[in-house]
Amino acid sequence: MDATEPNGSAGPTSPPPHMTPEEFREHGRAVIDWIADYWERIESLPVASSVQPGDIRELLPQSAPEEPEPFDDLLADLDRVVVPGVTHWQHPGWFAYFPANNSPPSVLADTVSAGLGLIGLLWAASPALTEVESHMLDWLVDLLDLPEHWKTTASGGGVLQGSASDATHVALVAARHRAAERGGQPATQMVAYTSAQAHSSVEKGANVAGFGTVRLIDTDESLAMRPDALASAIEADLAAGLVPAFVGSTIGTTGTTAVDPVQAIADVAIKHSLWHHVDAAYAGTAMICPEFRHHQDGVELVDSYVFNPHKWMMVNFDCSAFFVADKAALTDALSIDPPYLRNTQSDAGNVIDYRNWQVPLGRRFRALKLWWVLRSYGATGIRQMVRHHVTMAQEFAQRLREDDRFEIVAPHPFSLVCFRCRAAADGDAAAEAADRATDAVAAAVNDSGVAYLTPSKLDGRSIIRVAVGQSRTDRTQMDLLWKAISEAAV
Ligand SMILES: *Cc1c(COP(=O)(O)O)cnc(C)c1O
């Protein structure tokens, strides 16, 4: 032991000095005040942080404090150290990536979850954690008009994962397990299929799950997966002695919110006994409105489905809802029963042990924030939010359509609109000039501080993604966004 280290010798010990309950109440109120103030002043802050790499670390001491510091200093450093390095996802001028919109009841619920401090590694470790979660996922089945048999009370069931990537990974593991049980071949011979527009998490999950091959299937002019191309790829792989085992469809791709034909893909998947997983990470929330449900036609034929309440349902990160049609297919792949986790209720099969539905053992009480959001807004409030965002996105698209300088590059069925500056003529040189103009518009808007959007590429050409979905976004911000775009474009 170094001479400067504290003395670790034995002797009478006592707990360290904690805040008293009175101090906790006082600081707790100050923290809630800080968050409320932050939300109130957020629009006066530039959406994106402009710090350089290393700037924030430079504000931090070289080493951890040896002696306790007063709580007021911690709170002061939020403004001094953290806020300058924050890109404000909760800014109503947020149009980048997809939203991660939160809400006051969600934040309060997560605070309670931290206060309870539970680890729901099995039912008995906190029955309320598991049962509220199962119940919320069953509620979501009804709210999104998902198949009745996906309820935990039926053959299937829902579970909250940390992210859509985790859910897709777990679906791939279940697919691999089922294919191996059937044919006995190693995972290295198995093939996972998804569209060329699918989220990178499918490829990543397949790699982690040990699949030998991932095939990215061609898309049609609306950027949706072509079922005929999928069928041909499967035939070719079968002829080559490979084992087609998984197909991932997307409802609302990350690039442009393209919608794969779930029903037609399901026909192919069923014919060849593939596990069919649907990734509706962002667009799933829209299914709370009946007018969007035609996008998920055929969903009753799939094996699993994920959507993120933490993207567009006002539940703060992390909260990803994952459903399986057959819960045994999932738990067969993931169950391990060490003796220290054995207990009467689990052994009797009376309860759900969510550790067998996910990779980690420990899990937080995430369902509390979902419950509080669903109760605080009601389905009516969430439908109102979805329709408001979709309407504003469609109004924004209309502005683009009415302006010769711009062109919309993909269908926009939800609240994401992708566009670019129109080329002045045919040919590569004009296309390159249009790409430079598009990139310049994106950079100018993002530098303006009033709005933040995502420059991207589609088929090698520059585009701009505008995702409308922050909880507080209203027409004021849509006007500011349009003004910034319009002023930057030539
Ligand atoms: C955002 C997104 C994901 C990734 O979500 P995480 O929860 O961050 O893993 C996956 N798929 C699609 C279609 C997405 O839009």
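Residues numbered from 1 in each chain as written. Predicted model: local features only at pLDDT ≥ 70, side-chain atom pairs only at ≥ 80, totals over all residues. Heavy atoms only, no water.

The antiparallel open sheet is built from four strands, whose spatial order is β8-β9-β11-β10. Edge positions in the open sheet fall to β8 (406-408) and β10 (454-458), since each of these has one partner strand only. With direction set aside, neighbouring strand axes in the sheet form an average angle of 40 degrees. Two elements, β10 and strand β11 (residues 461-467), share five bridges in a ladder whose sense is antiparallel. Pairing of S456 across the sheet is with I463, part of β11. Packing of helix α14 (residues 428-448) onto the sheet brings it into contact with β9 (416-421), β10 and β11, and relative to β11 it is tilted by some 30 degrees. (Pairing = 2+ DSSP bridges. Helix = DSSP H or I, 4+ residues; strand = E, 2+ residues; numbered from the N terminus. Axes fitted to C-alpha atoms, helices over the stretch in contact; angles between N-to-C directions. Contact = heavy atoms within 4.5 Å.)

With that out of the way, let us pick up the domain arrangement of the chain. Per the domain assignment, the segments making up the chain are domain 1 (118-364) and domain 2 (374-488). Here domain 1 and domain 2 have C-alpha centroids that lie 30 Å from each other. Of the roughly 2,100 Å² buried at the junction of domain 1 and domain 2 (both faces included), carbon and sulfur atoms supply 75%. Ranking the residues of domain 1 by area buried against domain 2 places I288, W312 and M314 at the top, with a combined share of 31%. Taken together, the links from domain 1 to domain 2 amount to one salt bridge. (Domains from an automatic or database assignment. Buried area = accessible area lost by both parts, 1.4 Å probe. Salt bridge = Lys/Arg side-chain N within 4 Å of Asp/Glu carboxyl O.)

Quick look at the site of the ligand now. The environment of the ligand is made up of 14 residues, and the closest members are A164, S165, D279, N308 and K311. Take H310: an N or O atom from its side chain is 3.3 Å from an oxygen atom of the ligand. One of the side-chain N or O atoms of K311 is found 2.8 Å from an oxygen atom in the ligand. Summarising the interface, the protein chains cover 87% of the accessible area of the ligand, which totals 390 Å² for the free molecule. Cavity membership is defined here by more than half of the atoms lying within 2 Å of grid points; on that basis the ligand lies in the largest pocket. Sorting the residues of the shell around the ligand by element identifies α6 (164-183) and α10 (309-312) as the ones contributing at least two each. Here the residues of the shell around the ligand are counted per class, giving three nonpolar, nine polar and two charged. (Near = heavy atom within 4 Å. Polar contact = N/O pair within 3.5 Å; in protein donor to acceptor, adjacent residues only side chain to side chain. Areas by Shrake-Rupley, 256 points an atom, 1.4 Å probe, with all protein chains shown as cover. 1 Å grid on protein atoms, 1.4 Å probe; cavity = no way out; pocket = protein on both sides within 12 Å on 5 of 7 lines; lining within 4 Å. Sits in = over half its atoms within 2 Å of the grid points. Nonpolar A, V, L, I, M, F, W, Y, C, P; charged D, E, K, R; others polar.)

All right, on to the sheet that holds strand β7 (residues 320-324) then. Read from one edge of the open sheet, seven strands run β1-β7-β6-β5-β4-β2-β3, paired in mixed fashion. Of all the strands in the sheet, the pair left with one neighbour each is β1 (157-161) and β3 (213-217). Direction aside, the axes of adjacent strands within the sheet are offset by 20 degrees on average. Pairing analysis gives five bridges linking β1 to β7, with the strands arranged antiparallel. Among the inter-strand pairings, V159 is bridged to a residue of β7, identified as F322.

The next thing to look at is the packing of helix α8 (residues 227-239) against helix α9 (residues 262-271). At a minimum axis distance of 9 Å, the contact between α8 and α9 shows a crossing angle of 15 degrees. The angle between α8 and α9 falls in the class roughly parallel. At the point where α8 passes α9, the crossing takes the right-handed sense. Together, P227, L230, A231, I234 and E235 of α8 and A264, I265, V268 and K271 of α9 make up the contact between the two elements. Residues belonging to the contact of α8 with α9 are distributed by class as follows: seven nonpolar, no polar and two charged. (Parallel < 35°, antiparallel > 145°, perpendicular 65-115°, else oblique. Left-handed = near helix turned anticlockwise from the far one by under 90°.)

Moving on, we get to the side chain of N316. Among the structural elements, N316 can be located in the loop between α10 and β7. Within the local environment of N316, its side chain forms a polar contact with the side chain of D110, the two groups lying 2.9 Å apart.

Here we take up the pattern of salt bridges. Applying the stated rule across the entire model yields 25 salt bridges. A salt bridge links E148 to K151; its shortest N-O distance comes to 3.0 Å. Judged by relative accessible area, K151 falls into the buried class, the value being 12%. The shortest N-O distance in the salt bridge between R364 and D318 comes to 3.2 Å. Of this pair, R364 sits in the loop between α12 (344-347) and α13 (367-401) while D318 sits in the loop between α10 and β7; the two residues are 46 residues apart in sequence, bridging distant segments of the chain. The exposure class assigned to R364 is partly exposed, which follows from its relative accessible area of 32%. Each of D110, D318, R364, R366 and K369 takes part in a single network of salt bridges with overlapping partners. (Buried < 20%, exposed > 50% of the residue type's maximum accessible area, 1.4 Å probe, protein only.)

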